[in-house]
Amino acid sequence: MMMKSSIVSSLVMCVCSAQATVHYYIDDDGSQYPTADFASIQEAIDDFNDPMDDAIIHVAPGFYNVAGLPGSYVFSTKGKSVQILSDTSFPGECVIDGSALIAGMVCNSGEDSSVLVKGLVFQNCQTGILCSGNVAPTIADCTIRNCTSDNLGAGAGMAIGNDAHPSISGMTIFNCHAELGAGISVFTGAWPSLTNSTIEGCSASNAGGIAVSANAYIEIQGVSIANCHATDTGGGLAISPESSVNWLGGGSIDGCSAKLGGGIFIATSTGNLTGVTIDNCHAYTGGAICLVNAKTEIQNKLTATNLQITSCTATGGDLSGWPFLSGQGGGIFAYEISVELDQSTVMNCTALSSGGGIAAFNGELLKLTSTTLKGNSANLAGGGVQCESVGLCHVEGGQWSSNTALSGGGAHLQLTSVWLSDLSVVGNIGTPDATEFSAGAAMYLAPAATDTIGIWNCRINANSAANGWGNAGAIAIEEPNGQSDMLEVWYSDFCGNYPAVPVSDPLGLPISYHDFLNNYSESLCHGCVGDMDGDAIVDLVDLLTLLQRWGTNDTAGDINLDQTVDVLDILDLLEAWGSCFP
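Residues numbered from 1 in each chain as written. Predicted model: local features only at pLDDT ≥ 70, side-chain atom pairs only at ≥ 80, totals over all residues. Heavy atoms only, no water.

Draft legend 1. A look at the packing of aromatic side chains. All chains considered together, the criterion is met by eight aromatic pairs. With a centroid separation of 5.7 Å and 75 degrees between ring planes, the pair formed by Y33 and F90 is classed as edge-to-face. Here the residue Y33 occupies a position in the loop between β2 (18-26) and α1 (41-47), and F90 occupies one in the loop between β6 (82-86) and β7 (94-97), the gap between them amounting to 57 residues. Relative accessible area serves as the criterion here: at 23%, F90 is assigned to the partly exposed category. Following the ring pairs from residue to residue traces out a cluster consisting of Y25, Y33 and F90. (Phe/Tyr/Trp six-rings, centres within 6.5 Å; stacked < 30°, edge-to-face > 60°. Helix = DSSP H or I, 4+ residues; strand = E, 2+ residues; numbered from the N terminus. Buried < 20%, exposed > 50% of the residue type's maximum accessible area, 1.4 Å probe, protein only.)

Shown next as structure tokens:
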């Protein structure tokens, strides 16, 4: 006797018509449902044929595969209004197993959002879930694991294409492998949403975690991608070509790697990131993010707000066939793509070559608003940022601090127009050796004849060339032949830099610049109450230094100059706590 039943769920205006919900109970071996309707999900779907009704298919824990049925999937929803739910009242998993040969689930016959798949485990499939065509199922709280897409396949975990737009939430996808998009592959006009999900330990030639390609789009929120790897591009996420990602409301990429874009690779496409954290990712170029434009007639852009990039590395390596050098952009590398960052941080990233934090080349715009570049390093140029042949490097607010490079510890800005305002450039270091000469510990500027450079209300303080083996602890500018007075400075403070030269030519040539409206020289620079070590930040190091002078009349600790280092000095220090130049 079967357990199938019909329950009237709503009445329509016609007396003779009613919409019913039909319930099916599925058990692979009858241990949970002794009088189950069927032993497979597909049998229940095939049995349900009333287009006026809905079906709920309750699946008991067990092991479900093709069981000798012909086809290329374990089950297909076949355009029917069905909900397929794991029965959580029993212990164990509802496992959909593809026998390493077929897909777990196929949805490709016009299904809408009334189709719900929830709580199943897909494993050992060529593709865990395939959505194709104008379909919009809801997929929630499923696990996809140990799937491999052979023969240059895409989307071992999920393949979503051809205008499909499923809503996906609460997914866990791990240990999947494919040629493209091992965790999820989105292609050919598809536009899914993905929320509150995890992708981990997946690998591909391109896009270890998620691939978006061929005019597709994905919206992401609250997603974690961890320990994914790509042989070529996009360890965590790859977007190409002419596609886009809109990552909203948090999420993270951690421990991912690739040749280009350890965390994210975007080619000839657009990215919008909000509240995303990228940590400990590595690539030959673009440790966290690599952006390239393969079509020069198109200017694409990355826009990011509250993006946090930490401890990422551009290690260098063989990039034969790409029109740029390896080892650039420990945090972000951008080639012929504009970048706009707002309220973001790039910290403790390293580059073998240039641009420890950011390296931007040949684009229209690099715009940084209230953005911090801190503790980044490059062996050659631009410890914080390298910006070359970009239409405009535009910076408003924020801080470049404690970055290091051979030349331009804070920034190396070349063949680029520059506008800096309300920016603190503090504690950056030029790192020359016995054979290389450091120029511009804070900034190195090398404009083209048509470029303009303006600095307004900036704090350029406590920057230094290591051991004094260099020139201009603040700014070195190399003007083109026949040009002079290209640098214009207003209301800015040069304080505590070493060598104590605000602006100089790296070749030792005479230099002049427009010094407008109350710029401070080294002899007139502002003091910073409580800043014992001159790094322009009052912090725990300064407090400990003061305590070492407790009870003495040491002027280095006597903040209020009353001849005694005491509690009053501590109170003054605590009142000044934080950045000297907010």
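Draft legend 2. Highlighting the pairing of strand β53 (residues 443-446). The side-chain alternation of β53 yields two buried faces, one formed by M443 and L445 and the other by Y444 and A446. Bridge analysis of strand β48 (residues 411-414) against β53 gives four bridges, and the strand direction is parallel. Paired with Q414 across the strands is A446, a residue of β53. Here β53 pairs with strand β58 (residues 475-477) via three bridges, running parallel. Its bridge partner being in β58, M443 is matched across the sheet by I475. (Pairing = 2+ DSSP bridges.)

Draft legend 3. Broad picture of a nonpolar patch on the surface. There is a patch of nonpolar side chains on the surface, built from L540, L544, L547, W550, V567, L568, L571, L574 and W577 and spanning about 870 Å² of accessible area. Counting residues per element, the ones that place at least two in the nonpolar patch are α2 (540-548) and α3 (567-575). Looking at which element gives the most residues to the nonpolar patch, the answer is α3, with four residues. Along the chain, L544 turns up in helix α2. Taking relative accessible area as the criterion, L544 reaches 46% and is therefore assigned partly exposed. (Patch = residues over 30% accessible without salt bridge, like charges linked within 9 Å, V, L, I, M, F, W, Y side chains within 5 Å. Areas by Shrake-Rupley, 256 points an atom, 1.4 Å probe, with all protein chains shown as cover. Salt bridge = Lys/Arg side-chain N within 4 Å of Asp/Glu carboxyl O.)

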